[in-house]
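# Working through the structure, step by step
Letter by letter, the chains look like this.
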Amino acid sequence: RTDYTWQPAGILINELRKAGFREKSETKALPGDVGVFWLAKRGLAQHVAILLPENRMLHAFQKIGKTVEHEMDVRWTRRLCAVYAFPEVEDTWQP
């Protein structure tokens, strides 16, 4: 799907749940988990990224039309509204 931009909060979250993703606490986020972010209106889930080691993230950046990896800085951290683990993936990552 590509129609998530500017959708109401429940649509993206519901799609993750239907696909079997497990919601988890932001404090228990691990590399490989999916971070869900708000972009324009606080609390509206509009964007996802794969969380990476060393406080980094991988996501599609529409303005430049590419997938990018960068630091999950304070701007992104404060926009994080949920974390999900992939279905059937154990929380076994070790630094």
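Computed from a predicted model, the values in this text were never measured in an experiment.

## Let's talk about the nonpolar core
Leu12, Ile13, Leu16, Phe21, Val34, Val36, Ala45, Ala82 and Tyr84 form the largest nonpolar core, which has 9 residues in total. If you list the elements that add at least two residues to this core, you get α1 (9-18), β2 (34-37) and β6 (80-85). When residues no more than four places from it in sequence are discounted, the contact partners of Val36 are Leu12, Ile13, Leu16, Ala45, His47, Val48, Arg79, Leu80, Cys81, Ala82 and Tyr84. Membership of the second largest hydrophobic core comes to 8 residues, among which are Phe37, Met72, Leu80 and Val83.

## Regarding the sheet that holds β2
Pairing is antiparallel in the open sheet, where 6 strands are placed in the order β1-β6-β2-β3-β4-β5. Since the sheet does not close on itself, it has two edges, and those belong to β1 (22-24) and β5 (66-71), each with one partner. Going across the sheet, the axis of each strand differs from the next one's by a mean of 35 degrees, ignoring polarity. For β2 and β6, the ladder comprises 4 bridges, and the chain directions are antiparallel. Each residue of the ladder has a partner; that of Val36, found in β6, is Ala82.

Conventions we followed
- As a convention, each chain's residues are numbered from 1 in the sequence order in which they are written.
- Per-residue local features are limited, in this predicted model, to residues with pLDDT of at least 70; the limit for side-chain atom pairs, both in listing and counting, is 80 or more; totals at the level of whole chains, interfaces and linings are taken over all residues.
- Just so you know, side-chain values use all the structure's heavy atoms and leave hydrogens and water out.
- What makes a nonpolar core is a set of buried Ala, Val, Leu, Ile, Met, Phe, Trp, Tyr and Cys residues whose side-chain atoms join them at distances within 4.5 Å.
- Think of it in three bands: with a 1.4 Å probe and only protein chains considered, a residue is buried below 20% of the maximum accessible area for its type, exposed above 50%, and partly exposed in between.
- Secondary structure is summarised from DSSP: a helix means a run of H or I of at least four residues, a strand means a run of E of at least two, and numbering begins at the N terminus for each.
- What makes two residues a contact is simply this: any of their non-hydrogen atoms within 4.5 Å.
- Two strands qualify as a pair provided DSSP detects at least 2 bridges between them.
- Only the contacting stretch of a helix is used when fitting its axis, a line to C-alpha atoms as for every element, and angles between N-to-C directions run 0 to 180 degrees.

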